[in-house]
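# Fold and geometry: a report
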Amino acid sequence: MNTRIAIIDDNNFLIKSVKDKLSFYTDITIGFTANNGVLCMDKLEVDARVKLILMDIEMPRLNGIEATALIKQKYPQIKIIMLTVFDDDENIFKAIQSGADGYLLKETPPQELYNAILQTLEGGAAMTPSIALKTLNLLRSPLSIKTNNDEDTVKLSGREIEVLEQLAVGLPYTSIAENLIISPSTVRRHIENIYKKLQVHSKVEAIEIAKRKRII
């Protein structure tokens, strides 16, 4: 049986490297590739027949962790393996929270990558051994994302809370704008204000802190 997968990475050389690794396995077909999360979502709108995505983390416009959260919201049947150079606790923690099914380093040899794809498609959770150990440590002592004024009460406006609630369910800016009858640029301004008040730099962090502080 032929398995269609996608490769998402902002480095075309690394996309080619992954393609070369998987070229030995005739039961794997590359359905599409993309250089960021936005392009990935666009291509899934056209064709969502891929069964698994190999997802980089650091990408422009929409990073791999944010894209994973959106894909899992809209296409829960698609498996996602993070394929990255980052092995720090925070990225592992955020990737798992976003719904990633596996976490591998880009140095993974071809046979191990192929086995990981099969394992994940069968319902397993493929991880590079060093990542698996870090994950166990995180489970024993969960990482908490802190702000400088973590104990302070963060006051968001009613509109900011509405925007954040819709971000939390994976809606894009345009849909939020339509739902709240405001312009996309106004949505962006609200999100910028939310980031400043929560002292964060991404949607994943904003949603995590807002839930922990019971803002949403």
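Up top you'll find the structure we're talking about.
About the cut-offs
Residues numbered from 1 in each chain as written. Predicted model: local features only at pLDDT ≥ 70, side-chain atom pairs only at ≥ 80, totals over all residues. Heavy atoms only, no water. Core = buried A, V, L, I, M, F, W, Y, C linked by side-chain atoms within 4.5 Å. Buried < 20%, exposed > 50% of the residue type's maximum accessible area, 1.4 Å probe, protein only. Helix = DSSP H or I, 4+ residues; strand = E, 2+ residues; numbered from the N terminus. Contact = heavy atoms within 4.5 Å. Pairing = 2+ DSSP bridges. Right-handed = clockwise from strand over helix to strand, strands pointing away. Axes fitted to C-alpha atoms, helices over the stretch in contact; angles between N-to-C directions.

## Here's the deal with the nonpolar core
Grouped together as the largest cluster of nonpolar side chains are 28 residues, with contacts concentrated most on Ile 8, Cys 40, Leu 44, Ile 53, Met 55, Ile 71 and Met 82. Counting residues per element, the ones that place at least two in this core are strand E1 (3-8), strand E2 (28-34), helix H2 (37-46), strand E3 (52-55), helix H3 (64-74), strand E4 (79-84), helix H4 (89-98) and strand E5 (102-105). It is H3 that contributes the most residues to this core, 4 residues altogether. Apart from the residues lying within four places of it in its own chain, the contact partners of Met 82 are Met 55, Asp 56, Ile 57, Gly 64, Ile 65, Thr 68, Ala 95, Ala 100, Gly 102, Tyr 103 and Leu 104.

## Re the pairing of E4
Of all 6 residues in E4, 5 are buried, a share of seventy percent or more. Relative to E4, E3 is paired through 4 bridges, and the arrangement is parallel. Counterpart to Leu 52 in the pairing with E4 is Lys 79. Note on the crossover from E3 through H3 to E4: the handedness is right-handed. With 4 bridges joining them, E4 and E5 adopt parallel strand pairing. Bridging from a neighbouring strand, Thr 84 pairs with Leu 105 of E5.

## A closer look at the sheet that holds E3
Pairing is parallel in the open sheet, where 5 strands are placed in the order E2-E1-E3-E4-E5. Looking at strand neighbours, the two that pair on one side only are E2 and E5, the edges of this open sheet. Going from strand to strand, the sheet's axes swing by 25° on average, the running direction of each strand aside. Against the sheet, H3 makes contact with E3 and E4, and its axis sits at roughly 175° relative to E4, the strand it touches most. Strands E1, E2, E3, E4 and E5 of the sheet are contacted by helix H5 (residues 110-121), whose axis makes an angle of about 150° with E4.

## Considerations on unusual backbone geometry
Where the residue is not glycine, phi is negative for most of them; where a peptide bond is considered, it is trans in most cases. Positive phi outside glycine occurs at Ile 181, with the angle close to 55°. Here Ile 181 is to be found in the loop between helix H8 (173-180) and helix H9 (184-198). Phi at Arg 214 takes a positive value of approximately 60°, unusual for a residue other than glycine. Within the element layout of this structure, Arg 214 appears in the segment after helix H10 (203-212). Of the residues examined, Arg 214 reaches a relative accessible area of 76% and is grouped as exposed.

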